[in-house]
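Structural overview for review
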Amino acid sequence: MKLTQFTDYGLRALMVLASGPYRSFNSKEIADLLDISREHLIKVLQRLSQGGYVHSQRGASGGVRLQKQANEIPLGNLVRWLEEGQGLVECLRPDGGHCNLTPMCLLKPLLSDATEAFYARLNQSTLADCLHPPLQHFVTRQAARPALMQLKSN
């Protein structure tokens, strides 16, 4: 199974947010920290906001932060939300795809069951299970860098 880049970015962004749960991050900080496209990240953050995973606030003191505790975010539900509209194969797309073998295919139910097993397995873990001190240290250290650079330039 291959997840989309969109989902990959969403998972990584949430890991960053969960590593600094008492502060807000702006999209530039997250994009720089993860070395990813800010424009793409903004779309991911909008989707996460729609799903109730993050809260965003505009303005000078604004930013993005987790809306739920990391231990309240089952990974399977999160990945399913981010992957919505994607099918593992053509016939598993929400619109049914365009495979002329579908009416006589025995592979579709097997792949459908495997997809459900994948999400069920991920739901045995939460976002909190993805956090550990080295990740939290990395986020804290990287997030502090712009502030240090600004202090040095003043």
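Residues numbered from 1 in each chain as written. Predicted model: local features only at pLDDT ≥ 70, side-chain atom pairs only at ≥ 80, totals over all residues. Heavy atoms only, no water.

1. Digging into the environment of Met104
Which entries qualify depends on this criterion: Numbering goes from the N terminus for both helices and strands, where a helix is a DSSP run of H or I of at least four residues and a strand is a run of E of at least two. Exposed residues in this analysis have more than 50% of their type's maximum accessible area, buried residues have under 20%, and partly exposed residues fall in between, with area computed by a 1.4 Å probe over protein chains only.
Note on placement: Met104 falls in the loop between helix 4 (75-82) and helix 5 (107-122). We classify Met104 as exposed; its relative accessible area is 63%. Spatially, the C-alpha atoms of Met104 and Gly62 are 54 Å apart, while their sequence positions differ by 42 residues.

2. Observations regarding the pattern of salt bridges
To keep things clear, this is the line we draw: For salt bridges, the criterion is a side-chain nitrogen of Lys or Arg within 4 Å of an Asp or Glu carboxyl oxygen.
For the structure shown, the criterion picks out five salt bridges. Between Lys28 and Asp32 there is a salt bridge whose closest N-O contact spans 2.7 Å. Of this pair, Lys28 and Asp32 both sit in helix 2 (residues 27-34), four residues apart, which is roughly one turn of that helix. Two residues, Glu84 and Arg47, come together in a salt bridge whose shortest N-O distance is 2.9 Å.

3. Some words on the packing of helix 1 (residues 5-19) against helix 2
What counts, and what does not: Lines fitted to C-alpha atoms define the axes here, with helix axes fitted over just the stretch in contact, and angles between the N-to-C directions of these axes take values from 0 to 180 degrees. Note on angle classes: values under 35 degrees are labelled roughly parallel, values over 145 roughly antiparallel, values of 65 to 115 roughly perpendicular, and the remainder oblique. Contacts between residues were defined by any pair of non-hydrogen atoms, one from each residue, lying within 4.5 Å.
Contact geometry for helix 1 and helix 2: axes closest at 11 Å, N-to-C directions at 110°. As judged from the angle between their axes, helix 1 and helix 2 are roughly perpendicular. Across the interface between the two elements, Arg12, Ala13, Val16 and Leu17 from helix 1 touch Ile30, Leu33 and Leu34 from helix 2.

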